[in-house]
Amino acid sequence: MGSSFWVAFSACSVTVRGLGFCRVLRMCRMVFYGGMNGKGEVLDEIYEFNFHTQSFELIEQKNKGPGARVSSSLVPLGDDAFLVFGGSDGKTLYNDLWVFFLRARVR
């Protein structure tokens with residue numbers, strides 16, 4: 001059986017800063033949603049980290065989603081979508097479920 005080991009990634013030009021964001025792995029990428037910045041503002045941004053290029057990309061949201069929140073749960077849904085459950089905006093504790101499609105495919 002092989003050994004398990006850590007790999008450190010170098011600093012990137014864009015970083016996801018804050019606390020309470022949630023993340024999910026998909027293929028060679030990790031998706032981050034929400035969180036709180038250093039000013040205490042709750043965020044609704046989605047970033048995707050690519051392990052091959054060691055870079056972050058801000059993912060554009062085409063419509064209104066669940067809104068800014070911390071401590072949500074993310075679950076992958078196939079290769080191009082994820083579920084967001086619950087979380088809080090600092091005032092309200094949510095008990096809702098959303099799906100986000102990362103790349104809409106035209107068939």
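Just so we're clear, the structure is a prediction, and the values are computed from it rather than from any experiment. (Residues numbered from 1 in each chain as written. Predicted model: local features only at pLDDT ≥ 70, side-chain atom pairs only at ≥ 80, totals over all residues. Heavy atoms only, no water.)

Turning our eyes to something else, we now look at the overall build of the protein chain. A count of helical and extended segments in the protein chain gives 0 helices and 7 strands. Ordered by position in the sequence, the α and β elements of the protein chain form the string β-β-β-β-β-β-β. Counting across all 107 residues of the protein chain, residues that qualify as buried make up 31%. Total accessible area computed for the protein chain in this model is approximately 7,600 Å², and 57% of it derives from carbon and sulfur atoms. (Helix = DSSP H or I, 4+ residues; strand = E, 2+ residues; numbered from the N terminus. Buried < 20%, exposed > 50% of the residue type's maximum accessible area, 1.4 Å probe, protein only. Areas by Shrake-Rupley, 256 points an atom, 1.4 Å probe, with all protein chains shown as cover.)

Across 4 bridges, the pairing between strand 5 (residues 73–76) and strand 6 (residues 81–88) is antiparallel. For Ser73, the partnering residue across the bridge sits in strand 6 and is Phe85. The antiparallel hairpin formed by strand 5 and strand 6 contains 4 residues in its connecting segment, where Gly78 sits at a positive phi of about 75°. (Pairing = 2+ DSSP bridges.)

In this section: the pattern of salt bridges. Side chains that differ in charge, positive against negative, can pair when their charged atoms come close. Summed over all chains, the structure comprises 2 salt bridges. Here Lys62 ties to Glu60 by a salt bridge, and the two come within 3.8 Å at their closest N and O atoms. Notably, a salt bridge pairs Arg69 with Asp96, separated by 2.8 Å at the nearest N-O pair. Here Arg69 is found in the loop between strand 4 (55–58) and strand 5, whereas its partner Asp96 is found in strand 7 (residues 93–101), with 27 residues between them in sequence. (Salt bridge = Lys/Arg side-chain N within 4 Å of Asp/Glu carboxyl O.)

The next thing to look at is unusual backbone geometry. One non-glycine residue with positive phi stands out, namely Gln54, at about 50°. Along the chain, Gln54 turns up in the loop between strand 3 (46–50) and strand 4. Residues other than glycine seldom take positive phi values, yet Ser71 does so here, at roughly 60°. Within the secondary structure, Ser71 sits in the loop between strand 4 and strand 5. Given the relative accessible area of 56%, Ser71 is considered exposed.

A few words now on the confidence of the model for the protein chain. For the protein chain, mean pLDDT is 77; residues scoring 70 or higher make up 71% of the total. Least confident of the elements in the protein chain is strand 1 (residues 22–26), whose mean pLDDT is 57; most confident is strand 7, at 90. (pLDDT = per-residue confidence, 0-100.)

With that out of the way, let us pick up the sheet that holds strand 7. Backbone-to-backbone hydrogen bonds pair the strands of a sheet. The strands run either parallel or antiparallel. Spatially, the 3 strands line up as an open sheet ordered 5-6-7, and their pairing is antiparallel. In this open sheet, the two edge strands, each paired with only one partner strand, are strand 5 and strand 7. Geometrically, the sheet is characterised by an average inter-axis angle of 15° between neighbouring strands, direction not taken into account. (Axes fitted to C-alpha atoms, helices over the stretch in contact; angles between N-to-C directions.)

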